[in-house]
Amino acid sequence: GEEGEEDEEDEEDGVPGLLGHGEGVLQLNTPTRLPSFLGGERAISVAASRYFSLALTADGSVWSWGDGVFDRLGHGDQEEDQCQPTKVEALAEQRVVAVSAGAYHS
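Residues numbered from 1 in each chain as written. Predicted model: local features only at pLDDT ≥ 70, side-chain atom pairs only at ≥ 80, totals over all residues. Heavy atoms only, no water.

S.K.: When you look at the environment of His105 in this model, what are you seeing that I'm missing?
M.R.: Within the element layout of this structure, His105 appears in the segment after strand S4 (82-87). Linking His105 and Arg72, residues 33 residues apart in sequence, is a C-alpha distance of 5.1 Å. The contact partners of His105, leaving out residues within four places of it in the chain, are Phe52, Arg72 and Ser100. (Helix = DSSP H or I, 4+ residues; strand = E, 2+ residues; numbered from the N terminus. Contact = heavy atoms within 4.5 Å.)

S.K.: Just checking my understanding: could you explain the environment of Ser53 for this structure?
M.R.: Considering the arrangement of structural elements, one finds Ser53 in strand S2 (residues 52-57). When sequence neighbours within four positions are dropped, the list of residues in contact with Ser53 reads Leu18, Ala47, Ala48, Trp63, Ser64 and Trp65.

S.K.: Explanation requested: the nonpolar core in the structure shown.
M.R.: Formed by Val15, Ala47, Tyr51, Phe52, Leu54, Leu56, Val62, Leu73, Val88, Val96 and Val99, the largest nonpolar core amounts to 11 residues. Beyond its immediate stretch of four places on either side in the chain, Val62 contacts Leu54, Ala55, Leu56, Thr86, Lys87, Val88, Leu91, Val96 and Val99. (Core = buried A, V, L, I, M, F, W, Y, C linked by side-chain atoms within 4.5 Å. Buried < 20%, exposed > 50% of the residue type's maximum accessible area, 1.4 Å probe, protein only.)

S.K.: What is the right way to look at the side chain of Ser64 in this model?
M.R.: Residue placement: Ser64 occurs in strand S3 (residues 62-66). Since its relative accessible area comes to 0%, Ser64 is described here as buried. Polar side-chain contacts of Ser64 include one of 2.8 Å to the backbone oxygen of Leu73. (Polar contact = N/O pair within 3.5 Å; in protein donor to acceptor, adjacent residues only side chain to side chain.)

S.K.: Where do I start with the pattern of salt bridges in this structure?
M.R.: Pairs can form between side chains of opposite charge whenever their charged atoms are close. As enumerated under the stated definition, the model contains one salt bridge in all. Residue Asp67 pairs with Arg72 through a salt bridge whose shortest N-O separation is 3.5 Å. Like Arg72, Asp67 is buried. (Salt bridge = Lys/Arg side-chain N within 4 Å of Asp/Glu carboxyl O.)

S.K.: I keep staring at the sheet that holds S2 and nothing clicks. Help me out?
M.R.: Spatially, the four strands line up as an open sheet ordered S1-S2-S3-S4, and their pairing is antiparallel. Edge positions in the sheet fall to strand S1 (43-48) and S4, since each of these pairs with one other strand and no more. Pairwise comparison of adjacent strand axes, ignoring direction, gives a mean angle of 15 degrees for this sheet. Here five bridges tie S1 to S2, and the two strands are oriented antiparallel to one another. Each residue of the ladder has a partner; that of Ser45, found in S2, is Leu56. (Pairing = 2+ DSSP bridges. Axes fitted to C-alpha atoms, helices over the stretch in contact; angles between N-to-C directions.)

S.K.: Quick question: what am I supposed to make of the side chain of Ser61 here?
M.R.: Among the secondary structure elements, Ser61 is positioned in the loop between S2 and S3. Only 3.0 Å separates the side chain of Ser61 from the side chain of Asp59, close enough to count as a polar contact. Discounting chain neighbours no more than four positions away, the residues touching Ser61 are Ala55, Leu56 and Lys87.

S.K.: Honestly, the environment of Glu93 in this entry has me stumped. Any pointers?
M.R.: As for its placement among the helices and strands, Glu93 is situated in the segment after S4. According to the relative accessible area criterion, Glu93 is exposed, its value standing at 75%. Along the primary structure Glu93 and Gly60 are separated by 33 residues, whereas in three dimensions their C-alpha atoms are 9.4 Å apart.

Right, dumping it as structure tokens:
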């Protein structure tokens, strides 16, 4: 179909885990704190795309959740969706200072 038609379908189906509140939570009507505590650290930055989100915590850790296609979540599992924030272990030895989210990359 045309791009507009695909967009409407995507919005109806929702993106698994996009909100970070677990499987099956596709819409929230009010701001709601994430159920995960990000390893006990405070989030200092958040980046979001249409398909996934990232959080950077005060200790430099990166957490990701949402649609994992193309390994854009950084967990090395290519297609695995994350319905709640999950620490990106590949960056555990690095002090990350910024996060950015695009359609197919992070």
